[in-house]
Amino acid sequence: MKQIFLLIFIICISSSFAQESFSFSVAQPLEEKSVYTVDPLFFGIYSSPTSDTYYEFNSEGVWAISTIYSSILKETIRESSKYTVRNGYLFGILENDSIPCVLNEDRYHFGVKHKEQIIGLHSKHILKKISATNYMINFFENDSYTPSQFIFKDQTLEVKHFDYEINTKLFEAIKIQTSKKDISMNYITLTPSTKEWHQIQKAGIFGKGNLFLKM
């Protein structure tokens, strides 16, 4: 019996100290219409020395290009007819193509480019145009949205993701909220009015920007 009470006590304590995760029930800002891509003036690929992700903008939408790192045993290559290594290139991972690789002890390490369309005709993510140079991508996950700012200037792109401090009181003024709790996290979905959205945006809900350069 003592063990049961102890377990209940631990669960209650854990719940009381659960972190809060915020998202939005609908794409923001409410008053702006959704678009499928950015202005053609900004078409191109943008990269950053501090990020492994590239962003590509074209007539079909917005793409995120990242590198997935992996490795394969030297013994596996030696014993398989599927894989071969020649002049620092690994054959057999990609169909009809090779990728650079580096041998470290008993493994060949390599990276594979992964291109994902984040905004397009069939995407669940939503892009909104805020101004001539300012866009908002609302990323859809677990039936709610988290917004990120994409700001173009000259040949650069600044990306700012949704961010807030632990135990923030920033969203308390939003009247419509729903929550779903588990042992370690309290998931709060916000439904702000247009006025409430602009109030929290002015207060600061985006983190430090990451600067990308047009290639």
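For the structure, check the block above.
First things first, this report covers the structure right here in the doc. (Residues numbered from 1 in each chain as written. Predicted model: local features only at pLDDT ≥ 70, side-chain atom pairs only at ≥ 80, totals over all residues. Heavy atoms only, no water.)

Details of the overall build of the protein
Phase 1 of the analysis: Per the secondary structure count, the protein includes three helices and 16 strands.
Phase 2 of the analysis: Here the C-alpha radius of gyration of the protein, 23 Å, is well above what a compact globule of 215 residues would show, namely 17 Å.
Phase 3 of the analysis: Evaluated residue by residue, the protein yields a buried proportion of 33% over its 215 residues.
Phase 4 of the analysis: Intrachain contacts of the protein at a sequence separation of at least 6 include 58% that bridge at least 24 residues.
Phase 5 of the analysis: Carbon and sulfur atoms make up 54% of the accessible area of the protein, which totals about 14,100 Å². (Helix = DSSP H or I, 4+ residues; strand = E, 2+ residues; numbered from the N terminus. Rg over C-alpha atoms; globule rule 2.2 N^0.38 Å. Buried < 20%, exposed > 50% of the residue type's maximum accessible area, 1.4 Å probe, protein only. Contact = heavy atoms within 4.5 Å. Areas by Shrake-Rupley, 256 points an atom, 1.4 Å probe, with all protein chains shown as cover.)

Quick look at the side chain of Ser 148
Phase 1 of the analysis: Its place among the elements puts Ser 148 in strand 12 (residues 144–153).
Phase 2 of the analysis: In contact with Ser 148, other than residues within four places in its own chain, are Tyr 135, Met 136, Ile 137, Phe 139, Lys 160, His 161, Phe 162 and Phe 206.

Here we look at the pairing of strand 15 (residues 185–190)
Along a regular strand, successive side chains alternate from one face of the sheet to the other.
Phase 1 of the analysis: As judged from the six bridges shared by strand 1 (residues 19–24) and strand 15, these two strands associate in the parallel manner. Bridge pairing in strand 15 links Glu 20 to Asn 186.
Phase 2 of the analysis: In the sheet, strand 14 (residues 177–181) pairs with strand 15 via five bridges, with the strands oriented antiparallel. Bridging from a neighbouring strand, Lys 181 pairs with Asn 186 of strand 15. (Pairing = 2+ DSSP bridges.)

Observations regarding the pairing of strand 13 (residues 156–161)
Phase 1 of the analysis: In this sheet, strand 13 lies alongside strand 12 in antiparallel orientation, the contact comprising six bridges. Considered in strand 13, the bridge of Gln 149 is made with Lys 160.
Phase 2 of the analysis: In the sheet, strand 13 pairs with strand 16 (residues 210–214) via four bridges, with the strands oriented antiparallel. Residue pairing for strand 16: Val 159 is matched across the bridge by Asn 210.

Focus: the pattern of salt bridges
Phase 1 of the analysis: Following the criterion strictly, the structure yields two salt bridges and no others.
Phase 2 of the analysis: Linking Glu 56 and Lys 115 is a salt bridge whose minimum nitrogen-to-oxygen distance equals 3.0 Å. Residue Glu 56 is located in strand 4 (residues 54–58), and its partner Lys 115 is located in strand 9 (residues 107–119); the two are separated by 59 residues in the primary sequence.
Phase 3 of the analysis: A residue is classified by how much of its surface remains accessible, and Glu 56, at 14% relative accessible area, is buried.
Phase 4 of the analysis: One salt bridge connects Lys 169 with Glu 172, and the closest N-O pair in it is separated by 3.9 Å. Judged on exposure class, the residue Lys 169 and its partner Glu 172 are both exposed. (Salt bridge = Lys/Arg side-chain N within 4 Å of Asp/Glu carboxyl O.)

Points about the side chain of Ser 48
Phase 1 of the analysis: Checked against the element boundaries, Ser 48 lands in the loop between strand 3 (44–47) and strand 4.
Phase 2 of the analysis: Looking at Ser 48, its side chain comes within polar contact range of the side chain of Asn 210, at 3.3 Å.
Phase 3 of the analysis: Only 3.1 Å separates the side chain of Ser 48 from the backbone oxygen of Leu 211, close enough to count as a polar contact.
Phase 4 of the analysis: Dropping the residues within four chain positions of it, Ser 48 is found in contact with Asn 210, Leu 211 and Phe 212. (Polar contact = N/O pair within 3.5 Å; in protein donor to acceptor, adjacent residues only side chain to side chain.)

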